[in-house]
2 protein chains.
Amino acid sequence: MADYTIQLEKIEQAIGILNEQNVDCWMTFVRETEHNADPALPLISPSKMTWHTALIITRSGKKVAIAGRYEVVNFERMGGWDEVISYDASIQPALVDALDRLNVRQIALNYSESDSAADGLSHGMYLTLQRYLAGKPYELISAEDILNHLRGRKTPAEVARIRAAVALTDEIIDRITAYLKPGLTELDIANFIHAEYRKEGVVPSWDPHHCPTVTCGPDSPVGHTSPSADYVTKAGELVRVDQGVILNDYISDIQRVWYLQPKGETTIPQPIQHAFDSVRAAIMAAAEVLKPGVQGCIVDDAARNTIVAAGYPEYQHAVGHHIGRTVHDGSTLLGPRWERYGKKPFDLVEAGNCYTLELGVQVPGYGLVSLEEDVLVTESGIEWLGKPQTEIIIVPV
Amino acid sequence: MADYTIQLEKIEQAIGILNEQNVDCWMTFVRETEHNADPALPLISPSKMTWHTALIITRSGKKVAIAGRYEVVNFERMGGWDEVISYDASIQPALVDALDRLNVRQIALNYSESDSAADGLSHGMYLTLQRYLAGKPYELISAEDILNHLRGRKTPAEVARIRAAVALTDEIIDRITAYLKPGLTELDIANFIHAEYRKEGVVPSWDPHHCPTVTCGPDSPVGHTSPSADYVTKAGELVRVDQGVILNDYISDIQRVWYLQPKGETTIPQPIQHAFDSVRAAIMAAAEVLKPGVQGCIVDDAARNTIVAAGYPEYQHAVGHHIGRTVHDGSTLLGPRWERYGKKPFDLVEAGNCYTLELGVQVPGYGLVSLEEDVLVTESGIEWLGKPQTEIIIVPV
């Protein structure tokens, strides 16, 4: 049978967070989750849902699941719910009745402008709920602060799963090192990596068209682009791979950089070495300030100031994001104070958070030097979740 | 390189539908689509998106994509877009500027109370858009009617992909027949099927915890439940499997029923045969009335009246749903006039639609007889997309 340890832990964590935040109740309201998969659902639910489903958790510790007749059995098998209520024609009567009985006023819902991981409620479902509750005294509020903490504070079982995904990725990185040689297209390298994933029974952490992202040489475009058949590994150039795997529902997200060293060359060209040292120093600067209580933007500042001081342009993204069930797993971004990021860079880091630390620079004539490490925030600082890259990986050719 | 034939066809189809419906423009507005995957996005986009992305298609045929700096290259590679606009800090200026230049008034957005496949806009993203467009004269309307037709009218390339998924499922059904014997748990059978999927490089059509759904004997609970280790195949009982595969982004969804015939028994027990004949007759009755122009509920009526007239209870779901990129692929449900289904049963069937036809009945003492076929609506009626089940599959034991 399926293992619901994490879901049961997360439900108890949610009750604690409702109490910390003085919010009466949190409701996840979904349907047809193969279309609109509320990212909060897998934290507390045994499965995806087809019919309208309401999962209600109150500050006083009541846990009520209302689901279509054919789906309630999943909640009964999972356990942990005080009431599992079934309906046929419409969820409305059972939902209104349950909310009335629970004696709540505020209902926190999964919507958020700034945090997509807390924004699983569709606009159509919001309209439905407004219609169901018309004339009732409920106050519908955003659950973004609840979800930020609920997603962000990884339980030991969650950290163990992320560690396992990172360890497997580290292994695959070694296999990539053995595979690399001149004359491979970005697509060849991506296909090799996909074959390794299949061999291990895992899937890419994000869109398989972009995971892995492979960058060969100085001309390949930077960013979330598909590996191309136009750019080819060459002696004297760099290869960068950004990748991760989903293992047991939890992910890794790691970047590594290789140098295809031509025969006879005994040192790494100075522009590459300087870029690597600067990127590594920026990551270490971020790691240095990353601890509970610090704002995300302060961590980004540390890396950004370091790379700019080294003479490189600013990276056009955040230095780090949560990882967990997904590759951008919650709010509290280790990012700059840009409008695009909303309030996420201003949130505080907590113990139990798992983040990436990542940035890169272009080295004209050689390619991209870009690193990404996965870390756990402890009470006093960080722990590396895998083996950080401390020097350019040399592939003699 | 990736094949964007379908996306390019769908964009042109969308322009036609905007003209049919006299709507100025349709906008898909997304971010972090690994969290909130708007089901409309893959119809017209080369990939999932991380940053805020707006895809605007106008009645006059203009096609504008606005995406974050690192993601625009995907739209450039795809082609088909008149303008591909990149931004860094915020999408707002580029979005407002583009809408002003396009000279539109109505903007159809992906939200819908009744159709989850047209409800990909999150409530948080709706609030963001309201904020961006405050004081502007735009009228934000639902794109549900646009999306119903866009998803529903499969292009020949789409039908070919569904056919391939159905053909592979038919093959796997034959392998299940060869595998079945007494003493297998539902979980054994599900594991066997998952292994066949892996062998074929495909994944289940829906949540792998419920796809396949396996029902052994008369005591296993009906519905979208996980295969259990508690129910076991037995001589003289039924096995029912509900499953489908995603092949090349398009799915199948098929139910079959097997009878484990004890040694010496030469005919199928009368209650099973009567149930099978009645279910099959109900599916044929639905198939008979399924053609362009008919309301979905009329098709459901035909099946529902047939099964009730045969002395069985009504099934507690719709007799059919769209299939395509997902297993509930759009509006126009072949379903009863229940509140839960909103306006979907009242919509009209169109040529090019692909539907399931499905229902079942419990046979006390034996198990579940339930069938599901996949069909294409043609100009004059239907075509079966696979090999329909015309008799109980007998497994001699």
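Residues numbered from 1 in each chain as written. Chains lettered and ligands numbered in written order. Predicted model: local features only at pLDDT ≥ 70, side-chain atom pairs only at ≥ 80, totals over all residues.

Examining the overall build of chain A
Scanning chain A for helices and strands turns up ten helices and 16 strands. With respect to the three principal axes, the spread of C-alpha positions in chain A is 80 × 40 × 35 Å. Looking at chain A residue by residue over its 397 residues, the buried ones come to 57%. Of the contacts formed within chain A by residues at least 6 apart in sequence, a portion of 68% connects residues at least 24 apart. (Helix = DSSP H or I, 4+ residues; strand = E, 2+ residues; numbered from the N terminus. Buried ≥ 20, exposed ≤ 12 C-beta atoms within 10 Å, placed from the backbone. Contact = placed C-beta atoms within 7 Å.)

Focus: the environment of Ala-303 of chain A
Along the chain, the position of Ala-303 of chain A falls in helix H10 (residues 296-309). Every residue in contact with Ala-303 of chain A, bar those within four places of it in the chain, is listed here: Ala-282, Ile-283, Ala-285, Ala-286, Val-319 and Leu-359 of chain A.

Thoughts on the pairing of strand S6 (residues 139-142) of chain A
Residues and elements named next belong to chain A. Where strand S5 (residues 106-109) meets S6, four bridges bridge the pair, whose relative direction is parallel. From the neighbouring strand, Leu-109 faces S6, where its bridge partner is Ser-142. At this point the chain moves from S5, through helix H5 (residues 123-132), to the parallel S6, and the crossover so formed is right-handed. (Pairing = 2+ DSSP bridges. Right-handed = clockwise from strand over helix to strand, strands pointing away.)

Observations regarding unusual backbone geometry
Note the cis peptide between Cys-211 of chain A and Pro-212 of chain A, where omega equals 5°. You can see Pro-212 of chain A is positioned in the loop between strand S7 (203-204) and strand S8 (213-216). Not every positive phi belongs to a glycine, and Thr-332 of chain A is a case in point at roughly 45°. A residue is classified by how many C-beta atoms lie within 10 Å of it, and Thr-332 of chain A, with 26 of them, is buried. Positive phi, normally seen in glycine, also occurs at Asn-103 of chain B, with a value near 60°. Tracing the backbone shows Asn-103 of chain B in the loop between helix H4 (92-102) and strand S5 (106-109).

Thoughts on the interface of chain A and chain B
Contacts between the two partners involve 55 residues from chain A, matched on the other side by 55 residues from chain B. Per-element accounting of the side of chain A that touches chain B gives the leading share, six residues, to H5 of chain A. Per-class residue counts for the side of chain A that touches chain B are 20 nonpolar, 23 polar and twelve charged. (Nonpolar A, V, L, I, M, F, W, Y, C, P; charged D, E, K, R; others polar.)

Quick look at the domain arrangement of chain A
Residue and element names in this part refer to chain A. Each domain of chain A was delimited in the assignment, giving domain 1 (5-151) and domain 2 (153-396). Its C-alpha centre places domain 1 at a distance of 35 Å from the equivalent point of domain 2. Listed as interface residues are 15 residues of domain 1 and, on the opposing side, 17 residues of domain 2. Of all the elements in the fold, those that place two or more residues in the side of domain 1 that touches domain 2 are helix H1 (5-21) and helix H6 (144-152). Partitioning the side of domain 1 that touches domain 2 into residue classes produces five nonpolar, five polar and five charged. (Domains from an automatic or database assignment.)

Observations regarding the packing of helix H7 (residues 156-179) of chain B against helix H8 (residues 186-200) of chain B
Residues and elements named next belong to chain B. Put simply, H7 and H8 touch, their axes get as near as 11 Å, and they point 140° apart. Put simply, H7 runs oblique to H8. Every pair of crossing elements has a handedness; the one defined by H7 and H8 is right-handed. In this structure, H7 uses Leu-168, Ile-172, Arg-175, Ile-176 and Tyr-179 to contact H8, whose residues at the interface are Phe-192, Ile-193, Glu-196 and Glu-200. Broken down by class, the residue content of the contact of H7 with H8 amounts to six nonpolar, no polar and three charged. (Axes fitted to C-alpha atoms, helices over the stretch in contact; angles between N-to-C directions. Parallel < 35°, antiparallel > 145°, perpendicular 65-115°, else oblique. Left-handed = near helix turned anticlockwise from the far one by under 90°.)

Quick notes on the pairing of strand S1 (residues 25-30) of chain A
Residue and element names in this part refer to chain A. Among the six residues that make up S1, six are buried, leaving the element largely enclosed by the rest of the structure. Sheet analysis places S1 next to S5, joined by three bridges and oriented parallel. Note that in S5 the partner of Trp-26 across the bridge is Ala-108.

What about the environment of Val-104 of chain B?
Residues and elements named next belong to chain B. Relative to the assigned elements, Val-104 resides in the loop between H4 and S5. For the pair Val-104 and Cys-25, spaced 79 residues apart in sequence, the C-alpha to C-alpha distance is 6.7 Å. The contacts of Val-104, once residues within four sequence positions are left out, are Asp-24, Cys-25, Thr-58 and Leu-99.

Points about the relation of the copies chain A and chain B
It takes a turn of 180° to lay chain A on chain B, together with a shift of 0.1 Å along the axis; the resulting RMSD is 0.0 Å. With respect to symmetry, the two chain copies, as superposed, fit the operation of a two-fold axis. Comparing interface residues between copies, 100% of those in chain A also lie at the interface in chain B; the contact surface is shared. (Least-squares fit on C-alpha atoms with pLDDT ≥ 70 in both.)

A few points about H8 of chain B
Taking 1.5 Å of rise per residue, the 15 residues of H8 of chain B would be expected to cover 21 Å, and the 21 Å separating its terminal C-alpha atoms lies within 8% of that figure. Considering only its buried residues, H8 of chain B is in contact with H7, strand S7 (203-204), strand S8 (213-216), strand S9 (238-243) and strand S10 (245-247) of chain B. (Expected span 1.5 Å × (residues − 1).)

A look at the sheet that holds strand S11 (residues 250-251) of chain B
Residue and element names in this part refer to chain B. Reading across the sheet, the three strands line up as S7-S10-S11 and stay open at both edges, with antiparallel pairing between neighbours. Every other strand in the sheet has two partners, leaving S7 and S11 as the edge strands with one partner each. In the sheet, S10 pairs with S11 via two bridges, with the strands oriented antiparallel. Its bridge partner lying in S11, Ile-246 is registered against Ile-251.

A short note on the sheet that holds S7 of chain A
Residues and elements named next belong to chain A. Taken in spatial order, the three strands line up as S7-S10-S11 in an open sheet, and their pairing is antiparallel. Each of the sheet's edge strands pairs with one partner strand only, and the pair in question is S7 and strand S11 (250-251). Pairing of S7 with strand S10 (residues 245-247), which is carried by two bridges, proceeds in the antiparallel orientation. Its bridge partner being in S10, Val-203 is matched across the sheet by Ile-246.

Describing H4 of chain B
Residue and element names in this part refer to chain B. Buried within H4 are the following residues: Leu-95, Ala-98 and Leu-99. Along the long axis of H4, the arc covered by the buried residues comes to 95°, so they all point the same way. The outward face of H4, more than 90 degrees from its buried face, is lined by the exposed residues Pro-93, Asp-97, Asp-100 and Arg-101. Of the residues flanking the end of H4, it is Asn-103, one or two places downstream, whose phi is positive at about 60°. (Arc of directions from axis to C-beta.)

What about the confidence of the model for chain A?
Counting all residues, the mean pLDDT for chain A is 95, and 99% of those residues have values of 70 or more. On the interface metric, ipTM, the complex scores 0.81, and its pTM is 0.82. (pLDDT = per-residue confidence, 0-100.)

Some remarks on the packing of helix H9 (residues 270-289) of chain A against H10 of chain A
Residue and element names in this part refer to chain A. Interhelical geometry of H9 versus H10 gives an angle of 155° and a closest axis separation of 8 Å. If you check the angle between H9 and H10, you find them roughly antiparallel. Considering how the two elements wind past one another, H9 and H10 form a crossing that is right-handed. Counted together, Ser-278, Val-279, Ala-281, Ala-282, Ile-283, Ala-285, Ala-286, Glu-288 and Val-289 of H9 and Ile-298, Val-299, Ala-302, Ala-303, Thr-306 and Ile-307 of H10 form the full contact between these two elements. Considering only residue class, the contact of H9 with H10 consists of twelve nonpolar, two polar and one charged.

Notes on the environment of His-123 of chain B
Structurally, His-123 of chain B is set in helix H5 (residues 123-132). Judged by the 25 C-beta atoms lying within 10 Å of it, His-123 of chain B falls in the buried class.

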